[in-house]
Amino acid sequence: MALSDTKIRSLSAKARAYQVADSGGLVIEVLPTGRKVWRLRYRFNGRPQKATLGEYPAFTLAEARLWREECRAMIAHGVSPAQKKQQDKTKQKEPTTVDAFSKRWLTDIVERTNRHPRNIVRILDKDIIPVIGQLKIEDLTTAQVQEVIDRIKLRGSDHVALLARNVLKRMLAYAISRGIIFNNPAAAIEARYIAQASSRDVSLTAQEIGILLRGIYTSGMNRRHKLALHLLILCMVRKSELIEATWDEINFLTAEWRIPAERMKMDKAHMVPLSSQALAMFEELKFLAGSSPYVFPSRNDYRHPISKTTLNAAVRTLDLNLRDFVIHDFRRTASTLLHEQGYNSDWVEKCLAHKIAGVRGVYNRAEYLGQRREMLQAWANFVDAQIEEGRKVIIGRFGKAYKAEDEERK
């Protein structure tokens, strides 16, 4: 028999809770305290379940029956009313703004899965939170994500703009997994619309080289990786040519490094005269490499060299407030500064293992080994001087705390 308001009001408390049915699974439960609570009994995926609306008379009989019909519609669409209510409660407890949720994401995901989350934190703090941090995450649109990207691109940092999009894409994917949002507005922006592949033109200044190398040597980076980055600058070789180097290529007596043709981009053997600084680094690396045939053996298997991404990852851990650069820019930097110092262009091009263009390239077979040796020694001395200047600049920026740490690391 269906319930009525008169019948509900007449229900009195008993020693134990009991239920009185209306219809369609709707019941009112009378608790020993006298409270009367609307509940719905139903089956979902073959199992009995129960959902709760609230107390009578806060929810009237008419409202309870309307709720019952809404629940039955959810069940018909494969949604459990009880589970939906629990999800809604969880959602209400979640941070609602981009700023608040980013902190949750950093704690739950980034800090657990990234050894060096500094770059992600920096992009959030500098480029994302100031623009959209106070917006509710569930209201975030593709246009608002695009605004973040456009602001970064306006200052000429397309690569950083792409990183910001990727950070947002990952963070919003986590919000979807938490049931907070149901689409990812950052995923709608394709990478090719943010940064186009193009030839780079970054050349670090002499001061930037000093700051970079001083930052490398005072960082917590693996010692072998520090020496590798320094050697890339001094020897002007490509990253792959260095990390795949073997000890049989290094002649300590003649201070020369002969890279075989099969490892060179132009399929021509390349001779690198070693400055005294570079030779000393190879001597230290020989000790560090142990019995490995490779100058830079993998930590996991000494029979193989480090991976091609190892040095890139090491550079990303640095926080030196320099322009965006990649390791390959070291070659352009050396070429630019040596040309500025008046060195012969053919000597520089031979150090870079570039093919000399035009008719001159056809007839000029000179290797300029003696001239290159002198030039690379002068280049190593110049870089040493910049490292000391870089130390002064960094101490000027960060004060006594850095100076004490710097002295301790020496």
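Please refer to the structure placed before this passage.
If you're wondering where the values come from, they're calculated on a predicted model, not measured in any experiment. (Residues numbered from 1 in each chain as written. Predicted model: local features only at pLDDT ≥ 70, side-chain atom pairs only at ≥ 80, totals over all residues. Heavy atoms only, no water.)

Peer 1: How would you summarise the sheet that holds strand E4 (residues 47-56) if you had to cite specific residues and measurements?
Peer 2: Sheets are built from strands that pair by backbone hydrogen bonding, the pairs being arranged parallel or antiparallel. Taken together, four strands build an open sheet; the order of strands is E1-E2-E3-E4 and the sheet is antiparallel. Of all strands in the sheet, those with a lone pairing partner are strand E1 (18-21) and E4, marking the two edges. Sheet twist, expressed as the mean angle between neighbouring strand axes with direction ignored, is 30°. The pairing of E1 with strand E2 (residues 26-30) spans four bridges and is antiparallel. (Pairing = 2+ DSSP bridges. Helix = DSSP H or I, 4+ residues; strand = E, 2+ residues; numbered from the N terminus. Axes fitted to C-alpha atoms, helices over the stretch in contact; angles between N-to-C directions.)

Peer 1: Outline helix H13 (residues 329-340), listing residues and values.
Peer 2: The terminal C-alpha atoms of H13 lie 16 Å apart, and with 12 residues this matches the ideal 16 Å at 1.5 Å per residue to within 8%. Those residues of H13 that fall on the buried side of the exposure criterion are Asp329, Phe330, Arg331, Thr333, Ala334, Ser335, Leu337 and Leu338. Immediately beyond the C-terminal end of H13, within one or two residues, lies Gly342, with a positive phi of roughly 90°. (Expected span 1.5 Å × (residues − 1). Buried < 20%, exposed > 50% of the residue type's maximum accessible area, 1.4 Å probe, protein only.)

Peer 1: Can you explain the packing of aromatic side chains? Please cite residues and give values.
Peer 2: Here the structure, examined in full by the defined rule, presents five aromatic pairs. Ring centres of Trp38 and Tyr56 lie 6.1 Å apart, and the angle between their planes is 80°; this geometry places the pair in the edge-to-face category. Within this pair, whereas Trp38 is found in strand E3 (residues 36-44), its partner Tyr56 is found in strand E4, the two being separated by 18 residues in sequence. Between Trp379 and Phe382 the ring centres are 5.8 Å apart and the planes differ by 20°, which places this aromatic pair in the stacked class. With Trp379 and Phe382 both in helix H16 (residues 369-409), this residue pair falls three residues apart, about one helical turn. Given a relative accessible area of 0%, Trp379 falls into the buried group. (Phe/Tyr/Trp six-rings, centres within 6.5 Å; stacked < 30°, edge-to-face > 60°.)

Peer 1: Describe the sheet that holds strand E7 (residues 270-273), listing the residues and the values that go with them.
Peer 2: Taken in spatial order, the three strands make up an open sheet running E5-E6-E7, and their pairing is antiparallel. Looking at which strands have only one partner, the edges of the open sheet turn out to be strand E5 (250-251) and E7. Two elements, E5 and strand E6 (residues 256-259), share two bridges in a ladder whose sense is antiparallel. The partner of Ile250 across the bridge, within E6, is Trp257.

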